[in-house]
Amino acid sequence: MQTVNSEVRFSPVPDIIGALQNILARSQVIMPDLETPYSRAGFPNTNTSAIELRDQSIGAIITEHQQQLDAVLHEHQISVLETVVDDIKNLHQQLVEKKDKITHSMNLHKRPVSTFQRLPTELICQIFVHCLPESSHLSPASKLAPMLLTRICRRWREVAVGMPNLWSSMRLEVGRRDWQWKALCYDLWLKRSRGTPLSLALQCYGDNSTKLRSLLQPYFNKISSLSICFIYDVDKPELMLTDLPALQELTVGAHDRFTTTSAIAHSISQLPFTLHSLRIIGPLLDLEILSYLNPVWAHLTNVEIATRHPNAFLHLLHLCPDLSSLTIRAAFNQQQTLEPFTHTKLQSLRINYDSTDTKLLSHLFDALSLPNLRALEACYVQPWPHEELKAFLGRSNCPLESLIFGAGVVLTDEQRAEYVALIPSLEVVVDPKRLGCFAY
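Residues numbered from 1 in each chain as written. Predicted model: local features only at pLDDT ≥ 70, side-chain atom pairs only at ≥ 80, totals over all residues. Heavy atoms only, no water.

1. Section: unusual backbone geometry
So the rule is basically this: Only DSSP runs of H or I covering at least 4 residues are called helices, and only runs of E covering at least 2 are called strands; the numbering of each starts at the N terminus.
Backbone torsion omega between Ala145 and Pro146 reads 5°, so that peptide bond is classified as cis. Residue placement: Pro146 occurs in the loop between α5 (121-131) and α6 (154-161). A cis amide bond links Gln382 to the next residue, Pro383, at an omega of 0°. Its location among the elements puts Pro383 in the loop between β11 (375-379) and α13 (386-396). At Asn397, a residue that is not glycine, the phi angle is positive and equals roughly 50°. Relative to the assigned elements, Asn397 resides in the loop between α13 and β12 (402-405).

2. Things to note about the nonpolar core
The line we're drawing: Nonpolar core, defined: a set of buried Ala, Val, Leu, Ile, Met, Phe, Trp, Tyr and Cys residues in which side-chain atoms within 4.5 Å join the residues together. Using a 1.4 Å probe on the protein chains alone, a residue whose accessible area is under 20% of its type maximum counts as buried, one over 50% counts as exposed, and one in between counts as partly exposed.
One finds Leu250, Ile268 and Trp384 to be the most contacted residues of the largest nonpolar core, which totals 100 residues. It is helix α11 (residues 310-319) that contributes the most residues to this core, 6 residues altogether.

3. Some words on the packing of aromatic side chains
This is how the line gets drawn: Whether two aromatic rings pair depends on their centres lying within 6.5 Å, for rings of Phe, Tyr and Trp, where Trp uses its six-membered ring; planes under 30 degrees apart make the pair stacked, over 60 edge-to-face, and the rest tilted. Ring-over charges, as used throughout, are those where CZ of Arg or NZ of Lys falls within 6 Å of the ring centre and within 35 degrees of the ring normal.
Summed over all chains, the structure comprises 7 aromatic pairs. Measuring from centroid to centroid gives 5.5 Å for Phe128 and Trp156, while their planes differ by 65°, and the two rings are edge-to-face. Of this pair, Phe128 sits in helix α5 while Trp156 sits in helix α6, and the two are 28 residues apart along the sequence. According to the relative accessible area criterion, Phe128 is buried, its value standing at 1%. Here the aromatic residues Phe365, Trp384, Phe392, Phe405 and Tyr419 are joined through ring pairs into a cluster of three or more. Over the face of the ring belonging to Trp167 we find Arg192, whose NZ or CZ atom lies 4.7 Å from the ring centre. Looking at Arg213, its charged tip hangs above the ring of Phe220, at a distance of 3.9 Å from the centre.

4. Examining the side chain of Gln336
Rule in force here: In protein, a polar contact means a hydrogen-donor-capable atom and an acceptor-capable atom, both N or O and within 3.5 Å, with residues adjacent in sequence counting only if both atoms are side-chain atoms; elsewhere, any N or O pair within 3.5 Å suffices. Any two residues having at least one pair of non-hydrogen atoms within 4.5 Å are treated as being in contact.
By the secondary structure assignment, Gln336 is in the loop between β7 (325-330) and β8 (341-342). Polar side-chain contacts of Gln336 include one of 2.9 Å to the backbone nitrogen of Asn311. Residues contacting Gln336, with those up to four places away along its chain left out, are His309, Pro310 and Asn311.

Next comes the structure, spelled out in structure tokens:
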């Protein structure tokens, strides 16, 4: 079955037509003069001698004409030519059918385009928003929205370019190659955001923080969400963490080298009080590093960090009185005396336990009270400190709604029943495929 994209299985049509035109231009059939006195005679001659002579002459003429006919049939190959003519007619018919199919398809496609063009701009804008890839940060790509939307037609381009929210999120990839070309693309993208709060994701390594700072300088006061990963040998990490007056969410990934972590922590401590969400991925924070981050802790409502000290966990809660959500990678490695502590606003606690000594987590539950806790999730804790958690829930008297056990936690039916007995409305979920709640 042929489709619109199918090709007729002949040589290219222009070549065929050109060849035929050349052959016809060189070919000329000379019509012979076939008239004789006998073909023009109006009345028969009844003279016997004349009849015999005429018959002989006519016989010679017929013989000559037969030879001429044989020559025409042989030299000009009429039967072959008739076959070629039939093939040309067939080719013509196929081309006509192909033209009709293409025309029909074009007409069908013009209808929705025409209908779409008549849609109100406000509705087109909503459709364009749903065309964006499902990603927290978009990478400029010609075959993906929003870049793709600017390549369809003039109106689509005008609408897409005129929608700042399509251009408010971006992932920047900085390499040693093609940087100037990339910088032009990134700058054009950012200009189209037209002052809309920006959400950016980027990597810093070597000396590229200087390049990024130069590129983003005109837009720093519009960055509300920043995800930045510092790779080894970053010369000036503070360049990307200063002069961010509108920053509300910050995710920082860094290796565990103390000098770099300290410099990053010091820069974070200088961020404005607009910051309410902080995620630090990679380094294990201790009390010293936590102290570098003052006074930013006081205004945070969402925190995601990693620590190796139970007392750093409690100290963090002390530093964040307004904290409502905490995700922690607990790599506890030493026994510490923990003073009882109550945090009245924490609603969500997620623990990714990265230690073989679960007694340290048990001690933490013994010291902690969270009277407003609504969701608790834990992964990779074996054996699970069941009795300590029961005591924690009873002491906190919290309105816990969901208790989630992910990979690396084994829970018996009896233990589940005991939790529900404490809080009848509690939803207990055991999901071994839940691989962790902490982003590395």
